[in-house]
Amino acid sequence: HGQLSPTFYDTTCPNVSNIVRGIIEEALKTDARIGASLIRLHFHDCFVNGCDGSILLNNSATIESEKEARPNNNSVRGFGVVDDIKTALETACPATVSCADILAIAAEESVSLAGGPSWNVSLGRRDSTTANRTAADTFLPGPTQPLDVIIKMFSDMGLDTTDLVALSGAHTFGRAQCLTFIDRLYNFSGSGNPDPTLNTTYLSTLQGICPQGGDTTVVTNLDLTTPDVFDNKYFSNLQVLEGLLNSDQVLFSTTENNDTVAIVNNFTADQSAFFASFVVSMIKMGNISPLTGTAGEIRLNCGKVNDNSTASDGLLYSSM
Ligand code: HEM
Ligand SMILES: [Ca+2]
Ligand SMILES: [Ca+2]
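- As recorded by an unreviewed UniProt entry, the protein chain carries the name Peroxidase and is attributed to Lithocarpus litseifolius.
- Entered under Function (unreviewed entry) in the UniProt record, the comment concerning the protein chain runs "Removal of H(2)O(2), oxidation of toxic reductants, biosynthesis and degradation of lignin, suberization, auxin catabolism, response to environmental stresses such as wounding, pathogen attack and oxidative stress. These functions might be dependent on each isozyme/isoform in each plant tissue."
- Per UniProt, the protein chain carries the Catalytic activity (unreviewed entry) text "2 a phenolic donor + H2O2 = 2 a phenolic radical donor + 2 H2O".

### Quick word on the site of ligand 1
So, step 1. Surrounding ligand 1, one finds 27 residues, the nearest of these being Arg-33, Ser-37, Ser-75, His-171 and Gln-177.
So, step 2. Side-chain polar atom of Ser-37 to an oxygen atom of ligand 1: 2.6 Å apart, as the coordinates give it.
So, step 3. Between an oxygen atom of ligand 1 and a main-chain N or O atom of Arg-175, the distance comes to 2.9 Å.
So, step 4. Along the lines of polarity and charge, the residues of the shell around ligand 1 split into 14 nonpolar, 9 polar and 4 charged.
So, step 5. A domain-level breakdown of the shell around ligand 1 finds at least three residues from each of domain 1 (16–139 + 287–315) and domain 2 (147–280).

### Re the coordination of the iron atom of ligand 1
Six octahedral donors around a metal ideally subtend angles of 90 or 180 degrees, whereas four tetrahedral donors ideally subtend 109.5 degrees.
So, step 1. For the iron atom of ligand 1, the protein contributes exactly one donor atom, His-171 (NE2), at 2.1 Å.
So, step 2. Within the secondary structure, His-171 sits in the loop between α7 (161–168) and β1 (175–177).

### What to know about the pattern of salt bridges
So, step 1. Inspection of every chain in the model, using the stated rule, returns 11 salt bridges.
So, step 2. The partner of Lys-86 in a salt bridge is Glu-90, and the shortest N-O contact between them spans 2.8 Å. Residue Lys-86 and its partner Glu-90 are both found in helix α3 (residues 79–92); the two are separated by 4 residues, about one turn of the helix.
So, step 3. One salt bridge connects Arg-184 with Asp-195, and the closest N-O pair in it is separated by 2.8 Å. With Arg-184 in helix α8 (residues 183–186) and Asp-195 in the loop between α8 and α9 (200–209), the pair connects residues that are 11 residues apart, well separated along the chain. A single burial state applies to Arg-184 and to Asp-195, both of which are buried.

Conventions we followed
Residues numbered from 1 in each chain as written. Chains lettered and ligands numbered in written order. Predicted model: local features only at pLDDT ≥ 70, side-chain atom pairs only at ≥ 80, totals over all residues. Heavy atoms only, no water. UniProt positions renumbered as here; feature names shortened; annotations may be inferred. Near = heavy atom within 4 Å. Polar contact = N/O pair within 3.5 Å; in protein donor to acceptor, adjacent residues only side chain to side chain. Nonpolar A, V, L, I, M, F, W, Y, C, P; charged D, E, K, R; others polar. Domains from an automatic or database assignment. Donors = N, O, S within 2.8 Å, 3.2 Å for Na, K, Ca; no water. Helix = DSSP H or I, 4+ residues; strand = E, 2+ residues; numbered from the N terminus. Salt bridge = Lys/Arg side-chain N within 4 Å of Asp/Glu carboxyl O. Buried < 20%, exposed > 50% of the residue type's maximum accessible area, 1.4 Å probe, protein only.

In structure tokens, the structure reads:
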């Protein structure tokens, strides 16, 4: 994927990163969670037909929006901020920066604004003219899926176990709804009991937030220690059985012969090792099947495919 390059917009939109950063900074003033929501959009874009902005398309006559796929529906958020970024970029550099690249840049700026690493984002992706809801239902991992299945889903995307553990570290910030982990609190794997790999104090806290028969759309912090800071506390939480999702805790509590435990221990002991791996893995994830060159288009509105008939319609009518 040598087609992508960190200097792609250097002459056509030299300020692109600062513009994206400025809008996220503004949004963070009223929504501490927005950075987390934005990086998740990039992940859910890249795992479905590659990093092509497909997740941003709304339903239309030709589009079955990925927004309504099971892992996304009533869950992914941040579309308004993406639109604000797009509007600002259309003013600064019209028809130049793709929506797929906006997600990649927003992911990096969000991590860096939350205290995590900065990196040079590879750029030059173009936007799809299609979406694939079935692929979103198929390829996005779920919080109750077994570790071996999640490992396989990542390896199908060219991401190894180190990438999986590093990228899971994005759960160092952001929120999750009760419905994504409530089985761990009352009826783990149909046992009628809580998950034994859940710290009992944390269990009581979570039972208070998510009572049986209560509103399962209530959200809580993915990282109970530093909920809005991008750091390695996510990994130390796993060591004391304070991972929120089953898919988080199994990285440490797995009884299979997986190398994820050693990686969690390494990232707990050494935050700079986590940051370095995270950057490598984000660049790898951002390289999944991009559209480049003249493939796809630069969408003018991230929610819909360009209407290429408008110009010729105008000509048609004026000549009549
Ligand atoms: C390893 C497999 C993964 C699973 C099973 C998973 C699952 C989930 C679930 C269930 C939620 C909560 C959704 C909700 O309650 O509405 C969530 C949130 C989140 N995920 Fe993941 N995730 C995974 C990997 C990743 C990766 C690779 C990233 C980014 C690199 C990521 C970033 C996030 C962030 C930042 C949030 C919080 C979003 C917000 O607050 O709006 N996740 N994830
Ligand atoms: Ca996509
Ligand atoms: Ca944190």
